[in-house]
Structures are given as C-alpha cells and as structure tokens.
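Letter by letter, the chains look like this.
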Amino acid sequence: MTQETLRIAIQKSGRLNDRSLDLLSKCGFNFEVRPNQLLCRADQYPVEILLVRDDDIPAYVSDGICDIGFVGLNVYKEVTLENPISSDRMKIIKKLGFGQCHLAIALPKGLPYEAPESLEGFKIATSYPKILGEFLANHKINAKIVEISGSVEVTPQVGVADAICDLVSTGATLASNGLMEVETILESEAVLIQKTAELGNEKATLLGRMLDRIDGVLKAKRSRYIMMNAPRESLEDICNLIPGMEKPTVIPLNSDGSKVAIHAVAPENIFWETMEKLKACQASSILVVPIEKIIE
Ligand code: PRT
Ligand code: ZN
C-alpha cells in the first residue's frame, strides 16, 4: 500500500515564507528547497510543501489540493468573505505566532477624524475590499472602495483615493507617506488552515504529531529557563516574583540546606525589573536562557 503524503501549502516567497519553513524545521520537518522548486518533500517524513502565492493558499486547501496551509488571517478572511462556500471546506486550526500585523484605515495627516462616520462619502483604496466592505456595512457608512493590488499607501498623494485601508506592522510605511492610522479593522497573524474533508488515518496521525510539536515550539518560544542560587528562606518570595513558574527544582548547596539552587521554567520572558527584584531577595548568579522545545 502506498504511503499517504500530507501536503502543506506555504508562501513561495515573501514575509511568511522563511517563518513557515523555520517553524516546520523546528518541528523536525526539514525541506531542502532548490530555487524555483514548487513541490518539495521532507527529509524523513511523508510530508511535502507546495510553494505558492499567499493569496492562492486558501483555494489550494479548500479545493483539497493541499491538506493544510500556512497563511495570514487577513488573506483567509478576505477569501472566505469573497467566496463563502469555501469557508465550509476549510477551517482555522491554530494561530502560528508569527506574521503579526493589523489591517487599518489611514488618512492623510491633518484630516479630521472622530469615528467611522467621518469616512462617509470617502474613496478608500485597499487590497482587502471584502473585509473593508464588511466594516463599512457594519457601521452603515457609504464610502467607495477602490480595489488596488499594491502600493496602496501612495493612492491619496496621487488623487486616486481619500484614505487607505492596508496592513500595518511597524507603521513606518504610513508615516513615510504622511498618513495617520485611525481605525484597526482586523488583527492578523499567520494561521494554520485545514481542509474539512476527511484526511485519512495516516495523514491525521501525522498532522496530530505536527500540531503537538507546533504547540511545543510556541510554548518554548514564550518560556524561559531560569536558574539562580538563593537562601532557602527566600524561596517563597522568589516564586511569587515569577507568576506561573512551574514547580521549581530546589537543590541544596550546603550541608544544612540553607542555601539552594533553584531551576525552573518560567512561562514568559523575564524582564530586567524582575531580575533586580530577585537580586533584592538575595538571589545570585541568576541565569535566564531560551528554551528550544517543550514536550509535556
Ligand atoms: O507574492 P505573494 O502574493 O505571495 O505575497 P504578498 O506580496 O501578497 O504578501 P507579503 O509577502 O507582503 O505578505 C504576506 C503576509 O505577511 C500578509 O498577508 C500578512 O499576513 C503578513 N504581514 C505581516 C504583512 C505585513 N506584516 C506588512 N507589514 N504583509 C504586508 N505588510 C506590508 C503592508 O502591506 C505595507 O505595505 O508592509 C507595509 C507596512 O509595513 P510597516 O512595517 O511599514 O507598517
Ligand atoms: Zn499576495
């Protein structure tokens, strides 16, 4: 019997390509992609990636060509609003913790804005006409949507539109084009989508393993391993300083056990302020290190 191969759609090139491959690699799925290669099989697993434009990923998954896909929530939402039938054929199964951005409406600096009603009668340029259309309809605003596929931020300067609706991450593009953000209409990040059609046992088992590994990588990314020496009498104060710190390992450092080494996983990054407070509790030799993988 031939082995079933789990096929994943990921962006061929662009902002999500490296991060998608990196996450798969951290999960143990490594791909040696040659230039211009569109389909590539993993080293050790029956898993392959199809490298395509991000806008096409939802269709590859909803049509069943790929089993799962890594795509921005913004793209997924736009496609499913445009083609509601496709939303029955695929679903979001996990947020992937990268590609964070938000879809925002921005106006030329100096234009008055108080509320969405200020947009009445405006021409707004965007690559996301369905998401913007839904926002305008929810607020009962009559505005003209000008659909543009790229460089949306220059449209007010050249007279194509009065305002724009585009993705923002640092805000530098808006600032350098004399625009100010006035409304966020969608918070986005990369998500893992899956076709709703049956996967079959082998693929389902493989996907289950992949999802557990992704959880392990995402949890590890947030967590830190912390080590320090301290008087045993400070142990309770130290544990209170790091909320959620899981059962620390406490190792006596001297014969009467009054001084101990404390090792623990902290669920979040440890900031300098916390390190300083630990020091004030007489902790010393405090080490905070990143964690690569966690399995529970
Ligand atoms: O060729 P293909 O169609 O596959 O790629 P693309 O050019 O359509 O997409 P790409 O690679 O630019 O983005 C892929 C995905 O990355 C998007 O769908 C989002 O989910 C996510 N993402 C995260 C972003 C940004 N951040 C982002 N800042 N996508 C685009 N931008 C653009 C934005 O459109 C604007 O032009 O970056 C500019 C703003 O950035 P800041 O940092 O100046 O605010
Ligand atoms: Zn695209």
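Residues numbered from 1 in each chain as written. Chains lettered and ligands numbered in written order. Predicted model: local features only at pLDDT ≥ 70, side-chain atom pairs only at ≥ 80, totals over all residues. Heavy atoms only, no water.

Time to look at the site of ligand 1. Near ligand 1 there are 21 residues, and of these R53, N74, T170, G171 and T173 occur at the shortest range. Between ligand 1 and R15, the relevant distance is 2.8 Å, taken from an oxygen atom to a side-chain nitrogen or oxygen of the residue. The contact in question runs from an oxygen atom of ligand 1 to an N or O atom on the side chain of T170, over 2.6 Å. If ligand 1 stood free it would expose 830 Å²; the protein chains cover 78% of that surface. (Near = heavy atom within 4 Å. Polar contact = N/O pair within 3.5 Å; in protein donor to acceptor, adjacent residues only side chain to side chain. Areas by Shrake-Rupley, 256 points an atom, 1.4 Å probe, with all protein chains shown as cover.)

On to the coordination of the zinc ion (ligand 2). Only D54 (OD) and D55 (OD) from the protein reach the zinc ion (ligand 2) as donors, at distances of 2.1 Å. Note that the zinc ion (ligand 2) binds 4 donor atoms; their angles at the metal cover 75 to 174°, and the shape is irregular. Looking at D55, the relative accessible area reads 39%, which means it is partly exposed. (Donors = N, O, S within 2.8 Å, 3.2 Å for Na, K, Ca; no water. Tetrahedral: all angles 85-135°; square planar, octahedral: opposite > 155°, others 65-115°. Buried < 20%, exposed > 50% of the residue type's maximum accessible area, 1.4 Å probe, protein only.)

For the structure on display, the rule yields 1 aromatic pair. An angle of 55° between the planes, with centres 4.7 Å apart, marks the rings of F29 and Y45 as tilted. Separated by 16 residues along the polypeptide, F29 in the loop between helix 1 (17-26) and strand 2 (39-41) and Y45 in the loop between strand 2 and strand 3 (47-52) bring together distant segments of the chain. Y45 gets classed as buried once you look at its relative accessible area, which sits at 16%. (Phe/Tyr/Trp six-rings, centres within 6.5 Å; stacked < 30°, edge-to-face > 60°. Helix = DSSP H or I, 4+ residues; strand = E, 2+ residues; numbered from the N terminus.)

Let us now look at the sheet that holds strand 15 (residues 284-290). In space, the 4 strands of this open sheet follow the order 13-14-12-15, with antiparallel pairing throughout. Strands at the two margins of the open sheet, each flanked by one partner only, are strand 13 (249-252) and strand 15. Strand-to-strand twist in this sheet, taken as the mean axis angle between neighbours without regard to direction, amounts to 15°. Pairing between strand 12 (residues 224-231) and strand 15: 5 bridges, direction antiparallel. Bridge assignment links N229 to a residue of strand 15, and that residue is S284. Across the face of the sheet, helix 8 (residues 272-280) comes into contact with strand 12 and strand 15 while running at roughly 150° to strand 15. (Pairing = 2+ DSSP bridges. Axes fitted to C-alpha atoms, helices over the stretch in contact; angles between N-to-C directions. Contact = heavy atoms within 4.5 Å.)

A few words on the sheet that holds strand 2. As summarised here, the arrangement of the 6 strands in space is 2-3-1-4-11-5, forming an open sheet in which the pairing is mixed. Two strands close off the open sheet at either side, each with one partner strand: strand 2 and strand 5 (90-95). Neighbour-to-neighbour, the strand axes of the sheet open up by a mean angle of 30°, direction not taken into account. Sheet topology places strand 4 (residues 68-72) next to strand 11 (residues 190-195); 5 bridges connect them, and they run antiparallel. Bridging across to strand 11, I68 finds its partner in Q194. Across the sheet, helix 1 lies against strand 1 (6-11), strand 3 and strand 4, angled at about 145° from strand 1, the strand it touches most. Relative to the sheet, helix 3 (residues 73-82) contacts strand 4, strand 5 and strand 11, its axis offset from that of strand 4 by approximately 105°.

Counting residues in hydrophobic clusters, the biggest one holds 31 residues, and the most contacted among them are L119, I124, I185 and I193. Mapped onto this core, the elements with two or more residues apiece are strand 3, helix 2 (57-62), helix 3, strand 6 (101-108), helix 4 (129-138), strand 9 (163-168), strand 10 (179-188) and strand 11. (Core = buried A, V, L, I, M, F, W, Y, C linked by side-chain atoms within 4.5 Å.)

For Q37, the location among the structural elements is in the loop between helix 1 and strand 2. In this structure the side chain of Q37 is engaged in a polar contact, spanning 3.1 Å, whose partner is the backbone oxygen of L39. Those residues in contact with Q37 that sit more than four places away from it in its chain are E32 and L51.

Function cannot be inferred from these measures alone, as they are strictly geometric.
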